[in-house]
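Descriptive analysis of the structure
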Amino acid sequence: VLRDRRLLHRDQIDRVCAALEATQTAANAKQRAGELANVVRFAFVTGWRTTSEVLPLEWRHVDWHGRCVRLDAHTTKNDEGRVFPFTVDLEKILTAQLAIHKQLKAAGTICPF
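Residues numbered from 1 in each chain as written. Predicted model: local features only at pLDDT ≥ 70, side-chain atom pairs only at ≥ 80, totals over all residues. Heavy atoms only, no water.

1. Remarks on the pattern of salt bridges
To keep things clear, this is the line we draw: Any carboxyl oxygen of Asp or Glu within 4 Å of a side-chain nitrogen of Lys or Arg constitutes a salt bridge here. Put simply, DSSP marks the helices as runs of H or I at least four residues long and the strands as runs of E at least two long, and each gets a number from the N terminus on. Summary of the burial criterion: residues with accessible area below 20% of their type's maximum are buried, those above 50% are exposed, and those between are partly exposed, where the area comes from a 1.4 Å probe applied to protein chains only.
Inspection of the entire model under this criterion finds nine salt bridges. E21 is the partner of R41 in a salt bridge, and the nearest nitrogen-oxygen pair spans 2.9 Å. Pair noted here: R41 is in helix α2 (residues 29-46) and E21 is in helix α1 (residues 10-21), with a separation of 20 residues, a long-range link. For R41, a relative accessible area of 22% gives the class partly exposed. A salt bridge links D72 to R60; the shortest N-O distance between them is 3.2 Å.

2. Some points on unusual backbone geometry
Positive phi, close to 55°, is recorded for R67, a residue that is not glycine. Here R67 is to be found in the loop between β1 (62-63) and β2 (68-71).

3. Focus on the pairing of β2
Note the following rule: Note on pairing: DSSP must find at least two bridges between two strands before they are called paired.
Judged from the two bridges that link them, β1 and β2 form a sheet pairing that is antiparallel. Residue pairing across strands places V62 opposite V69, the latter belonging to β2. Hairpin geometry of β1 and β2 is characterised by an intervening segment of four residues between the two adjacent antiparallel strands and by a positive phi of about 55° at R67. Of the strand pairs in this sheet, β2 and strand β3 (residues 82-85) are connected by four bridges, and their pairing is antiparallel. Among the inter-strand pairings, L71 is bridged to a residue of β3, identified as R82.

4. Looking at the sheet that holds β1
Reading across the sheet, the three strands line up as β1-β2-β3 and stay open at both edges, with antiparallel pairing between neighbours. The two strands at the open ends of the sheet, each matched to only one other strand, are β1 and β3.

5. Notes on the packing of aromatic side chains
Given two aromatic rings, their pairing is described by the distance between the two centres and the angle made by the two planes. To be explicit about the condition: A pair of aromatic rings is counted whenever rings of Phe, Tyr or Trp (Trp by its six-membered ring) have centres within 6.5 Å, and the orientation is called stacked for planes under 30 degrees apart, edge-to-face for over 60 and tilted otherwise.
All chains considered together, the criterion is met by three aromatic pairs. Between the aromatic rings of F42 and W48, the centroid separation amounts to 5.8 Å while the plane-to-plane angle is 65°, which identifies the pairing as edge-to-face. Here F42 falls in the buried class, since its relative accessible area comes to 5%. Seen from their ring centres, W64 and F86 are 5.5 Å apart, and the 85° between their planes marks the pair as edge-to-face. Of this pair, W64 sits in the loop between β1 and β2 while F86 is found in the loop between β3 and α4 (88-106), placing the two residues 22 residues apart along the sequence. Take W64: its relative accessible area is 31%, and that puts it in the partly exposed class. Feature note: the residues F42, W48 and F84 constitute an aromatic cluster, connected by ring pairs.

6. Re α4
Selection criterion: Under the convention used throughout, the expected extent of a helix is 1.5 Å for every residue step, that is, one less than its residue count. It is the directions from the helix axis to the C-beta atoms that the arc portrays.
The end-to-end C-alpha distance of α4, which contains 19 residues, comes to 27 Å, matching closely the 27 Å that a straight helix rising 1.5 Å per residue would cover. Those residues of α4 lying buried are L90, I93, L94, I100 and H101. What you see down the axis of α4 is that its buried residues fit within an arc of 120°, all on one side. More than 90 degrees from the buried face of α4, the exposed residues found are V88, K92, K102, Q103 and A106. G108 occupies a position one or two residues after α4 and carries a positive phi of about 95°.

Now the structure itself:
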């Protein structure tokens, strides 16, 4: 049985993310939507599954010195660990998320994700 696999192209991802970043439906909604845009971008760049692989990532999975992101064994569909090297796009995404992480930490919220 063949499955219909429709993949989005970069320009489509860019439009989705631009729409998320422009969202202003409530107080702080724009920031939250922008953070969601980074999740979409990360999943697009890596090809990783959003719910089971991207969202559970913690900062301990990001190796800034080795310039890669690692998934632990037994957290993937085939139970094997995975490593994705930094690309220019991935580094931008992670740097943006790190800035958000630092803001939260300064406000007293510690979040490993």
